[in-house]
Amino acid sequence: GRVTDDFDKHLLNTYTRTWMGENIFNNNFCFYKGYKIPNFAKVDEYLNYINEELPEVDTPEAFGLHPNADITYQSNTANTVIEKIINIQPKDAGTGGGETREELVYRLSAEMLEKVPENFVSHEVKARLMKYGVFQPMNIFLRQEIDRIQKVITVVKQTLIDLQLAIDGTIIMSDSLKDALDNIFDARVPKTWSKISWDSSTLGFWFTELLDRDMQFKSWIFESRPNVFWLTGFFNPQGFLTAMRQEITRAHKGWALDVVQLFNEMTKMNKEDVSSSPQDGVYIYGLSLDGAGWDKRGMRLIEPSPKVLFTPLPVVHMFALNEMTKEQKAQRVYECPVYKKPQRTDLTYITNMRLKTSQNPEYWTLRGAALLCDIK
């Protein structure tokens, strides 16, 4: 690998401080149980030690990870194999004595068409935004999100209608419709949909998320601003947090946007417990911890339970500060990165959150602890 961003640099620095210091010269030093530094005089003795003493398969703990990481690795490997098998299956064969491939896709298309959300009416949206304040940062963000979800709804409807017509033989089956037919049959998201929306492991998860996103936006624009926001349901969660910072900056005279920084406080509430908005900032929910557990009573990071890969986080209060207090600076916290999806890249990175910890924060860096908006 290469050092491509600050997180790579931070991880390598953590490895260096943990395993490449003066302590490695102590006789009792070991990287992990069974991983000692041998001290021999000949090369053959080192080779024999490697071949005979070291395990053939390294456990996740040897690298500072939790044993659950092995479950994630095995699951990802199995999913990759299954995906390859699905991809090489013949596409034109029927399904035996039951429905044909085309009949199944036609039926699924009809069912989805019945459930696809209604279009946003442009003049109604404009009227509501005028009432809220069209130039307010959060309302500008809302308008941008509605434009994007409307594009998705339009494309989904048109694809399903055209797919039914193509199966009936009324129109020609184009390449994009053929791709939609193949993917819907395999319960995967058609490329024309995923290109303008979001990644998801299955079509069912993707379609459910479409309905949930639409519900959040329609509730916000036609009823009232939510008391708690579903962060996963935004196309641009970074834009949402930036709009929140702008809102707070404008509310405090003398604050400058380029100085104001994001801050967060954990709560003990679930989304059902939230009855009102915070005085400053927003409440968000939908985040899950990967690589760590959460102590609800002590509100700090703990070891995850065996075989529990993701731990849901309670409602988080996100707000902005012009400057941290001495008490806030003195807190022992892990700067936990937040990602949209399990694929942790610079494209899915959103921000950092401060999570309290009893251990050294570097412990959670080695654990690979992160927050995910979506675990599917």
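Going by the structure above, here's the rest.
Residues numbered from 1 in each chain as written. Predicted model: local features only at pLDDT ≥ 70, side-chain atom pairs only at ≥ 80, totals over all residues. Heavy atoms only, no water.

1. Structural notes on the nonpolar core
Logical step 1: Of all hydrophobic cores here, the largest spans 68 residues; its most connected members are Trp193, Trp206, Phe240, Ile284, Leu287, Leu289 and Leu371.
Logical step 2: Residue contributions to this core peak at 11 residues, all from helix α6 (residues 137–168). (Core = buried A, V, L, I, M, F, W, Y, C linked by side-chain atoms within 4.5 Å. Buried < 20%, exposed > 50% of the residue type's maximum accessible area, 1.4 Å probe, protein only. Helix = DSSP H or I, 4+ residues; strand = E, 2+ residues; numbered from the N terminus.)

2. Quick notes on the packing of α6 against helix α9 (residues 203–222)
Logical step 1: Where α6 meets α9, the axes come as close as 10 Å, and the angle between the chain directions of the two elements is 140 degrees. On the basis of the axis angle, α6 is oblique to α9. Two packed elements cross with a definite hand, and for α6 against α9 that hand is left-handed. Across from Met138, Phe141, Leu142, Glu145, Ile146, Ile149, Val152, Ile153 and Val156 in α6, the residues of α9 making contact are Trp206, Leu210, Arg213, Asp214, Phe217, Trp220 and Ile221.
Logical step 2: Class assignment of the residues belonging to the contact of α6 with α9 gives a composition of 13 nonpolar, no polar and three charged. (Axes fitted to C-alpha atoms, helices over the stretch in contact; angles between N-to-C directions. Parallel < 35°, antiparallel > 145°, perpendicular 65-115°, else oblique. Left-handed = near helix turned anticlockwise from the far one by under 90°. Contact = heavy atoms within 4.5 Å. Nonpolar A, V, L, I, M, F, W, Y, C, P; charged D, E, K, R; others polar.)

3. Overview of the side chain of Asp374
Logical step 1: When you line up the elements, Asp374 lands in the segment after β11 (370–372).
Logical step 2: Residue Asp374 is classed as buried on the basis of its relative accessible area, which comes to 3%.
Logical step 3: At 3.1 Å, the side chain of Asp374 forms a polar contact with the backbone nitrogen of Lys376. (Polar contact = N/O pair within 3.5 Å; in protein donor to acceptor, adjacent residues only side chain to side chain.)

4. Here's the deal with the sheet that holds strand β7 (residues 310–312)
Logical step 1: Read from one edge to the other, the open sheet built from five strands follows the order β7-β4-β11-β9-β10, with strand pairing classed as mixed. The open sheet has two edge strands, β7 and β10 (349–356), and neither has a second partner. Between one strand and the next, the sheet's axes are offset by a mean angle of 35 degrees, whatever the strand orientation.
Logical step 2: Sheet analysis places strand β9 (residues 333–339) next to β10, joined by seven bridges and oriented antiparallel. Looking across to β10, one finds that Val338 is bridged to Thr351. (Pairing = 2+ DSSP bridges.)

5. Digging into helix α5 (residues 122–132)
Side chains that are three or four residues apart share a direction in an α-helix, a result of its 3.6 residues per turn.
Logical step 1: For α5, the full list of buried residues reads Val125, Arg128 and Leu129. All buried residues of α5 fall inside an arc of 100 degrees around its axis, so they share one side. Structural note: α5 exposes His123, Met130 and Lys131 on the side pointing more than 90 degrees away from its buried face.
Logical step 2: Turning to α5, the residues buried within the fold contact α6 and α9.
Logical step 3: Where α5 ends, the next residue or the one after it, Gly133, has phi of about 115 degrees, a positive value. (Arc of directions from axis to C-beta.)

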